[in-house]
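Reading the structure
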Amino acid sequence: MAQKGAQLDRETISCSICLDLLKDPVTIPCGHSYCMNCIKTHWDGEDENEIYSCPQCKQTFTPRPVLVKSTMLAALVEELKKTGFQAAPDDHCYPGPEDVACDVCTETKLKAVKSCLFCLISYCEKHLQPHFESSAFEKHKLVEPSKKLQENICSRHDEVMKMFCRTDQQCICYLCSVDEHKGHDTVSAAAERTERQRELEVSRQNIQQRIQDREKDVKELQQEVEAINGSADKAVEDSEVIFTELIRLMEKRRSDVKQQVRSQQETEVSRVKDLQEKLEQEITELKRKDAELEQLSHTEDHNQFLQNYHSLSRLSESTDSSSINICPLRYFEDVTAAVSELRDKLQDVLREKSKNISLTETKVNVSLPQPQPKTRAAFFKFSRELTLDPNTADGCLLLSDGNRKATLMRQQQSYSSHPDRFTGWLQVLSKESLTGRCYWEVEWRGGGIYLAVAYKNISRDGKSNECGFGFNDKSWALRCDQNSYTFWFNSVQTPVSGPLSSRVGVHLDHSAGILSFFSVSKTMTLLHRVQTKFTQPLYAGLRFYYSYGDTAELCKLK
């Protein structure tokens, strides 16, 4: 137990840099302790960045902490030395298959604890001590034990490679720099390391930023999953309630029809039976009369025959035959026909309305953001052939060229009335809906034009802001005129700078929520980009505002 306690004490007051007992121990602000010379050497290597770190916990300090010897730790070290613990090395001091052996040990090799990049030798704890005790080793660079030290020796000149040839991108020694690398762009290996270290830090920052972005994407996707599940659960629940009510109404109507048929059946059967009973009574009476007449016909006494004839020959009044209206097999066929017609109409309604609740219409587009194309030709990969919807065009807009071109006219066009038509703004929407990634271009002529995208449920009737592209939260619009660009959303305008052009390209990444406008000439220049979240399919839109004769055309892209 005493031996184990001594070992624990030794580990507690050992320096994690040199792995030996603390010499002139100092405790830095994070609480870890080191040899004064070890931590000074470590921090000397970080002077250039002016940020000093703890080798164990990596906590950083600015400015460089002042080092003060810890008298308590120094006393503990001296007390431990008196116990004579420094006996033969423990088993863990011998090198294993993956360890580096001390290059100085001559007999039994011990495990190296550090390698010196200046000496190009690896040292065990004992042979490392001169590096901490003598000022001659102050500039030596100690690193974790390495088996690749000899790779730092130039195979041609047997010199340490302390330089780097940027021309050939390789480490070289001083003699190489004045020999086969003469005239090349050469710097010290330390300087090249510093430069590459800066690049490495930039790369790490980029990677960390991408990690943060992807973690944000993952979080958003998780939220999207929860939203999808919640929406689907609610849709199923609401649909069940609605269909249950629909079934209840159908059951009620079925019961009503059945009751009405049975009631009518009972009435008609009763009427027929009453008439049948009268006819049967009349038949009985007629048979009796016929028997009497037959008997009279056989009477041989002429006087008796004549006396009875007048009383027996009179017949009672016959039942009115017009009250008997028989239509064989057609008693309730009208009911069957009416129910069949109701079934057919209901099937038509369900078939038509099912398009509105089809899963293909409510498909959730979830994907990671995709890089935007770099060239116009690359944008063409996402090109869409769009046409303008005549049912949405204001009455002053003339559509032509296969409904791809709109012209602002002074006279009203002969459009029929339609609920989708804009009646207060000089606007028109595309017939095709836009989801996924889409690209289209618009060529305009005249004083100016608004290029827009909008949801289908944007208001249509009147001149309120709820109808105008860019003046509400259901549309986004870029105003283009002869002198400038302006972006509009929800009645907020944003000035946009860029080369003026009569052709503007629009790129939509619906699932990523990105809408971009480009000035198109010999080159493409990004004018404005919107990052948002689109909740419905979009439609391309055109809005006129300047003067009669202005035109805008959805271009055919090759």
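How each quantity is defined
Residues numbered from 1 in each chain as written. Predicted model: local features only at pLDDT ≥ 70, side-chain atom pairs only at ≥ 80, totals over all residues. Heavy atoms only, no water. Helix = DSSP H or I, 4+ residues; strand = E, 2+ residues; numbered from the N terminus. Buried < 20%, exposed > 50% of the residue type's maximum accessible area, 1.4 Å probe, protein only. Contact = heavy atoms within 4.5 Å. Phe/Tyr/Trp six-rings, centres within 6.5 Å; stacked < 30°, edge-to-face > 60°. Lys NZ or Arg CZ within 6 Å of the ring centre and 35° of its normal. Expected span 1.5 Å × (residues − 1). Arc of directions from axis to C-beta. Patch = residues over 30% accessible without salt bridge, like charges linked within 9 Å, V, L, I, M, F, W, Y side chains within 5 Å. Areas by Shrake-Rupley, 256 points an atom, 1.4 Å probe, with all protein chains shown as cover. Salt bridge = Lys/Arg side-chain N within 4 Å of Asp/Glu carboxyl O. Pairing = 2+ DSSP bridges. Axes fitted to C-alpha atoms, helices over the stretch in contact; angles between N-to-C directions. Core = buried A, V, L, I, M, F, W, Y, C linked by side-chain atoms within 4.5 Å. pLDDT = per-residue confidence, 0-100.

Before going further, it helps to examine the overall build of the protein chain. Looking only at helices and strands, one finds nine helices and 23 strands in the protein chain. Residues counted as buried form 30% of the 558 residues belonging to the protein chain. Taking the intrachain contacts of the protein chain between residues at least 6 apart in sequence as the baseline, contacts between residues at least 24 apart amount to 56%.

Before going further, it helps to examine the packing of aromatic side chains. Enumeration according to the criterion identifies 14 aromatic pairs in this entry. An angle of 25 degrees between the planes, with centres 5.9 Å apart, marks the rings of Phe-305 and Tyr-309 as stacked. Taken together, the residues span about one helical turn, with Phe-305 and Tyr-309 both in helix α7 (residues 302-313) at a distance of four residues. Through successive ring pairs, a cluster of aromatic residues spans Phe-379, Phe-380, Tyr-439 and Phe-518. The ring of Phe-382 has Arg-437 lying over it, and the distance from NZ or CZ to the ring centre is 4.3 Å. Its guanidinium or amino end placed over the ring of Tyr-450, Arg-543 lies 3.8 Å from that ring's centre, counting from NZ or CZ.

With that settled, consider helix α6 (residues 189-297). Helix length check: α6 (109 residues) gives 153 Å between terminal C-alpha atoms against 162 Å at 1.5 Å per residue, within 8%. Regarding α6, the residues found buried are Glu-192, Asp-217, Val-257, Leu-275, Glu-282, Lys-289 and Leu-296.

Below, the discussion takes up helix α4 (residues 125-133). When α4 is considered as a whole, its buried residues turn out to be Leu-128, Gln-129, His-131 and Phe-132. Axial view of α4: buried residues confined to an arc of 160 degrees, hence all on one face. In this structure, α4 carries Lys-126 and Glu-133 as exposed residues pointing more than 90 degrees from its buried face.

Quick look at a nonpolar patch on the surface now. Residues Phe-243, Leu-246, Ile-247, Met-250, Leu-346 and Leu-350 make up a contiguous nonpolar surface patch of about 510 Å² in total accessible area. When contributions to the nonpolar patch are tallied by element, the ones reaching two or more residues are α6 and α8 (333-353).

The strand order across the open sheet formed by seven strands is β11-β12-β23-β14-β19-β20-β21, and the pairing between neighbours is antiparallel. With partners counted over all chains shown, the strands left at the sheet margins are β11 (397-400) and β21 (524-531), one partner each. On average, adjacent strands in this sheet sit at an angle of 20 degrees to one another, irrespective of strand direction. Bridging between strand β20 (residues 514-520) and β21 involves seven bridges; their strand directions are antiparallel. For Ser-516, the partnering residue across the bridge sits in β21 and is Arg-529.

Here we have three strands laid out as an open sheet, ordered β9-β8-β10, and antiparallel in their pairing. Since the sheet does not close on itself, it has two edges, and those belong to β9 (170-172) and β10 (186-188), each with one partner. Across this sheet, the average inter-strand angle for adjacent strands is 35 degrees, counted without regard to direction. Relative to β10, strand β8 (residues 163-165) is paired through three bridges, and the arrangement is antiparallel. Counterpart to Cys-165 in the pairing with β10 is Thr-186. Against the sheet, α6 makes contact with β8 and β10, and its axis sits at roughly 90 degrees relative to β10, the strand it touches most.

Next up on the list: the nonpolar core. In terms of nonpolar packing, the biggest core is built from 38 residues, with Trp-440, Trp-476, Leu-478 and Leu-515 touching the most fellow members. Setting aside residues up to four positions removed in sequence, Leu-478 forms contacts with Ile-449, Tyr-450, Leu-451, Tyr-485, Thr-486, Phe-487, Val-496, Val-504, Phe-517 and Leu-527. Counting 25 residues, the second largest nonpolar core, distinct from the first, contains Ile-13, Leu-80, Cys-116 and Phe-132.

Turning next to the pattern of salt bridges. On inspection of all chains with the given rule, the structure shows 27 salt bridges. Here Arg-404 ties to Glu-553 by a salt bridge, and the two come within 3.1 Å at their closest N and O atoms. Of this pair, Arg-404 sits in the loop between β11 and β12 (405-408) while Glu-553 sits in strand β23 (residues 551-554), placing them 149 residues apart in sequence. Residue Arg-404 is classed as buried on the basis of its relative accessible area, which comes to 13%. Between Arg-503 and Glu-443 there is a salt bridge, with its nearest N and O atoms 2.7 Å apart. Pair noted here: Arg-503 is in strand β19 (residues 503-509) and Glu-443 is in strand β14 (residues 437-445), with a separation of 60 residues, a long-range link.

Across the chain, the bulk of peptide bonds are trans and the bulk of non-glycine residues have phi less than zero. Residue Pro-63 follows Thr-62 across a cis peptide bond; omega there is 0 degrees. Along the chain, Pro-63 falls in the loop between β4 (60-61) and α3 (71-82). The backbone of Leu-120 shows a phi angle near 60 degrees, a positive value even though the residue is not glycine. Tracing the backbone shows Leu-120 in the loop between β5 (114-116) and β6 (121-123).

Time to look at the pairing of strand β15 (residues 448-455). Burial of β15 is extensive: eight of the eight residues sit out of reach of the surface. Side chains Gly-448, Tyr-450, Ala-452 and Ala-454 of β15 all project onto a buried face; the interleaved residues Ile-449, Leu-451, Val-453 and Tyr-455 project onto the opposite face, where all are buried too. Judged from the seven bridges that link them, β15 and strand β16 (residues 475-481) form a sheet pairing that is antiparallel. Residue pairing in the sheet places Ile-449 in a bridge with Cys-480 of β16.

Right, let's get into the confidence of the model for the protein chain. For the protein chain, per-residue confidence averages 86 on the pLDDT scale, and 90% of positions sit at 70 or higher. Confidence drops under a pLDDT of 50 for residues 1-8, and excluding neighbours within four residues, the segment shows two contacts in the predicted structure. Residue range residues 359-364 is modelled with pLDDT below 50. Its contacts to residues more than four positions away, or to other chains, number three contacts.

The next thing to look at is the environment of Pro-63. You can call Pro-63 exposed: its relative accessible area is 64%. In the structure, Pro-63 is positioned 13 residues away from Glu-50 in sequence and 7.2 Å away in space, judged by C-alpha atoms.

With that settled, the discussion passes to the environment of Gly-424. Looking at the secondary structure, you find Gly-424 in the loop between β12 and β13 (427-434). Sequence separation between Gly-424 and Arg-460 is 36 residues; the distance between their C-alpha atoms is 7.8 Å. Contact partners of Gly-424, with chain neighbours within four places excluded, come to Asp-394, Arg-460, Gly-462 and Lys-463.

Pairing of β11 with β12, which is carried by four bridges, proceeds in the antiparallel orientation. Note that in β12 the partner of Leu-399 across the bridge is Ala-406. Counted along the chain from β11 to the antiparallel partner β12, the turn is four residues long, and its residue Asp-401 has a positive phi close to 50 degrees.

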